[in-house]
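Here are the chains, one letter per residue:
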Amino acid sequence: MLYRLLSSFSRKAPSVLYRLPLVMKPQVVFVLGGPGAGKGTQCARIVEKYGYTHLSAGDLLRAERGRPGSEFGQLIESYIKEGKIVPVEITINLLRKAMEETMLKDKEKFRFLIDGFPRNEDNLQGWRAAMDGKANVKFVLFFDCSNEVCIERCLERGKSSGRTDDNRESLEKRIQTYLQSTKPIIDQYETQGKVRRVDASGSVEEVFVDVQKILDKEG
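Residues numbered from 1 in each chain as written. Predicted model: local features only at pLDDT ≥ 70, side-chain atom pairs only at ≥ 80, totals over all residues. Heavy atoms only, no water.

Looking at an unreviewed UniProt entry, the protein chain carries the name UMP-CMP kinase, with the source organism given as Lepisosteus oculatus. The Subunit (unreviewed entry) field of the UniProt record for the protein chain holds the comment "Monomer." (UniProt positions renumbered as here; feature names shortened; annotations may be inferred.)

(A) Representation of the overall build of the protein chain. Within the protein chain one finds 9 helices and 5 strands. Listed N to C, the secondary structure of the protein chain is α-β-α-β-α-α-α-β-α-β-α-α-β-α in terms of helices and strands. Burial status across the protein chain gives 47% buried among its 219 residues. In the protein chain, 77% of the contacts between residues at least 6 apart in sequence involve partners at least 24 apart. For the protein chain, the accessible surface area stands at approximately 11,000 Å², while carbon and sulfur atoms represent 51% of it. (Helix = DSSP H or I, 4+ residues; strand = E, 2+ residues; numbered from the N terminus. Buried < 20%, exposed > 50% of the residue type's maximum accessible area, 1.4 Å probe, protein only. Contact = heavy atoms within 4.5 Å. Areas by Shrake-Rupley, 256 points an atom, 1.4 Å probe, with all protein chains shown as cover.)

(B) Highlighting unusual backbone geometry. Looking along the chain, the bond that leaves Phe-117 and enters Pro-118 is cis, with omega of 0 degrees. Note on placement: Pro-118 falls in the loop between β3 (111-115) and α6 (121-131).

(C) Highlighting the sheet that holds β3. Spatial ordering of the open sheet is given by β2-β3-β1-β4-β5, a layout of 5 strands whose pairing is parallel. Single-partner strands in this sheet number two, and they are β2 (53-56) and β5 (195-199). Pairwise comparison of adjacent strand axes, ignoring direction, gives a mean angle of 25 degrees for this sheet. Bridging between strand β4 (residues 136-144) and β5 involves 5 bridges; their strand directions are parallel. Bridge pairing in β5 links Phe-142 to Arg-197. Running at roughly 125 degrees to β4, helix α8 (residues 168-191) makes contact with β1 (27-33), β4 and β5 of the sheet. In this fold helix α9 (residues 204-218) packs onto β4 and β5, with an angle of close to 160 degrees to the strand it touches most, β5. (Pairing = 2+ DSSP bridges. Axes fitted to C-alpha atoms, helices over the stretch in contact; angles between N-to-C directions.)

(D) The packing of α6 against α8, seen in detail. For the pair α6 and α8, interaxial distance at closest approach is 8 Å and the crossing angle is 55 degrees. When the axis of α6 is compared with that of α8, the two are oblique. Within the contact between the two elements, α6 uses Glu-121, Leu-124 and Arg-128 and α8 uses Ser-181, Ile-185, Gln-188 and Tyr-189. Partitioning the contact of α6 with α8 into residue classes produces 3 nonpolar, 2 polar and 2 charged. (Parallel < 35°, antiparallel > 145°, perpendicular 65-115°, else oblique. Nonpolar A, V, L, I, M, F, W, Y, C, P; charged D, E, K, R; others polar.)

Written out as structure tokens, the structure reads:
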């Protein structure tokens, strides 16, 4: 069933990334950290100052879930509610389509922040299988924050976000998923020297000072 849905999705969104010149390949920064670490807030500031395009895997999935007539909506809803990771094929299709659309509109828009991905080994292997040679992962921007701070921030956000997963039960599941599945991916990139760690426990302004130091150095 999932394979059939994905085949249909791919036909509707044929990849053009393989036809782009090397200099125009998407330059990707993976943005990782626990739920509530401030990834989205900091990405918005990076976009404003450095001109990256911000793609949130979670936002893309939520938008697809709510899109009228979506073939994946119900499936995505069930995974998100349980705090589980959505099948990698769906997420990569959505990310690839978003990058393609951005670059077709403006060839100068080839730098992307991919927020909340890859979240597990399956995500990482799926990305490599689908995107090797089509996108260049420059480094991982890791927002490091304690679990309790993450939970408190999300609970506060939940008062106005309208997100069904901003409640303590879902958050505790998401934290466990992060520790068991995502943290090993960050550790893996760390061994390759591709992690740029930021202490995310401070204020938005304090954290962004550290982010700027990293991006100014990376170029």
